[in-house]
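The lines below spell out each chain.
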Amino acid sequence: MSEASELMIGVLLPDVLGTYSDAGNAMVLAQRARWRGIDARILSVTADTSPPAGCDLYLLGGGEDAAQLYAIEWLARHRTLRRALSESAITFAVCAGLQILGTTVIDMQGRCHGGLGLLDLTTAPGRRRAVGEVISHCALPGVGLLTGFENHRGATTLGAGVRPLGQVLSGVGNGAPPSKRRSGRVSSVGASSGGAFEGAVTDRVVATYLHGPVLARNPALADYLLSRVTGQGFPDPDPPDVPDLPGLRHGYLSPTPPRRRARFRTHSRPR
């Protein structure tokens, strides 16, 4: 992106991968770019349109299994867009978006579906669904802790060509170790004690299981994406009219052990 040009943000298939309002991430990116004097434009690329290949940033959101398989076929069909995702643009993918960018996705019936192949990762169904808040320590420079809401059944194993976005402090995350490939059903998806990983990162892709929208909850991650596209630094991750936000976020994100709830009897048992 040149200094005088307009930042183009393409939201891919919001009508298909729009279950969790992840398209809101585009609004966050555009506004934070405008605060820095950068013109930004959001393009909503629905399933019935021809996708542009000249966007600086592409976004993929979450969706159900059928929508996910449709998105894989749609993306594979548009070869010019696929080339842009792999060679020129920065891509930010959430949940189903993360899975479809991988090499394979295994459904609940054990059938293996080929992914787009932009990320060296595989996804298989876990024993139970991962639902709840996640806190992770982001591996990207200057981002710090991340928070978001996960809701997925898939467990994702990272290959050698991709590194995790962060290490989980609380929650599930990817649900599978990054160093060992697996096929078929993953043995378990459970809460992390600090050794699990979340998301995936390459030179051109940042992917996560976190909803929120995640960039609204984590503006430093939004600014990291903008810096990758523009080549500019963003030293002030919070708007000037909310001076206490850094301290508030630090307190909210502090990974403290959950309190044990007291148990109360609602009725007395007969003796």
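Now for a look at the structure at hand. As the structure is a computational prediction, the values presented were derived from the model and not from experiment. (Residues numbered from 1 in each chain as written. Predicted model: local features only at pLDDT ≥ 70, side-chain atom pairs only at ≥ 80, totals over all residues. Heavy atoms only, no water.)

1. As for the pairing of strand S1 (residues 7-12)
Thinking step 1. Across the 6 residues that make up S1, a large majority, 6, are buried.
Thinking step 2. In S1, alternate side chains face the same way, and those of Leu-7, Ile-9 and Val-11 on one face and Met-8, Gly-10 and Leu-12 on the other are all buried.
Thinking step 3. Pairing of S1 with strand S2 (residues 40-45) involves 6 bridges; the strand directions are parallel. Pairing of Leu-12 across the sheet is with Val-45, part of S2.
Thinking step 4. Crossover S1 to S2 through helix H1 (residues 24-35) is right-handed.
Thinking step 5. Here 4 bridges tie S1 to strand S3 (residues 57-60), and the two strands are oriented parallel to one another. Within S3, the residue paired with Ile-9 across the bridge is Leu-57. (Buried < 20%, exposed > 50% of the residue type's maximum accessible area, 1.4 Å probe, protein only. Helix = DSSP H or I, 4+ residues; strand = E, 2+ residues; numbered from the N terminus. Pairing = 2+ DSSP bridges. Right-handed = clockwise from strand over helix to strand, strands pointing away.)

2. Some details on the environment of Gly-110
Thinking step 1. For Gly-110, the location among the structural elements is in the loop between strand S5 (104-106) and strand S6 (112-114).
Thinking step 2. Classification of Gly-110 as exposed rests on a relative accessible area of 52%.
Thinking step 3. In sequence terms Gly-110 and Pro-125 are 15 residues apart; their C-alpha atoms lie 8.5 Å from each other.

3. Here we look at helix H3 (residues 79-87)
Thinking step 1. For H3, the full list of buried residues reads Leu-81, Ala-84 and Leu-85. Down the axis of H3, the sector holding all buried residues measures 100°, keeping them to one side. Exposed side of H3, more than 90 degrees from the buried face: Arg-79 and Glu-87 are the residues found there.
Thinking step 2. On the buried face of H3, the contacting elements are S1, S3, helix H2 (65-77) and strand S4 (90-94). (Arc of directions from axis to C-beta. Contact = heavy atoms within 4.5 Å.)

4. Structural notes on the pattern of salt bridges
Should the charged atoms of two oppositely charged side chains come close, the side chains can pair.
Thinking step 1. Applying the stated rule across the entire model yields 5 salt bridges.
Thinking step 2. The shortest N-O distance in the salt bridge between Asp-223 and Arg-36 comes to 3.0 Å. Taken together, the residues span a long stretch of sequence, with Asp-223 in helix H6 (residues 219-230) and Arg-36 in the loop between H1 and S2 at a distance of 187 residues.
Thinking step 3. Taking the shortest distance from any N to any O, the salt bridge between Glu-133 and Arg-217 comes out at 2.7 Å. Taken as a pair, Glu-133 in strand S7 (residues 121-138) and Arg-217 in helix H5 (residues 214-217) lie far apart in primary sequence, 84 residues in all.
Thinking step 4. Assessed through its relative accessible area of 40%, Glu-133 is described here as partly exposed.
Thinking step 5. Salt bridges sharing partners connect three or more residues here, namely Arg-32, Arg-36 and Asp-223. (Salt bridge = Lys/Arg side-chain N within 4 Å of Asp/Glu carboxyl O.)

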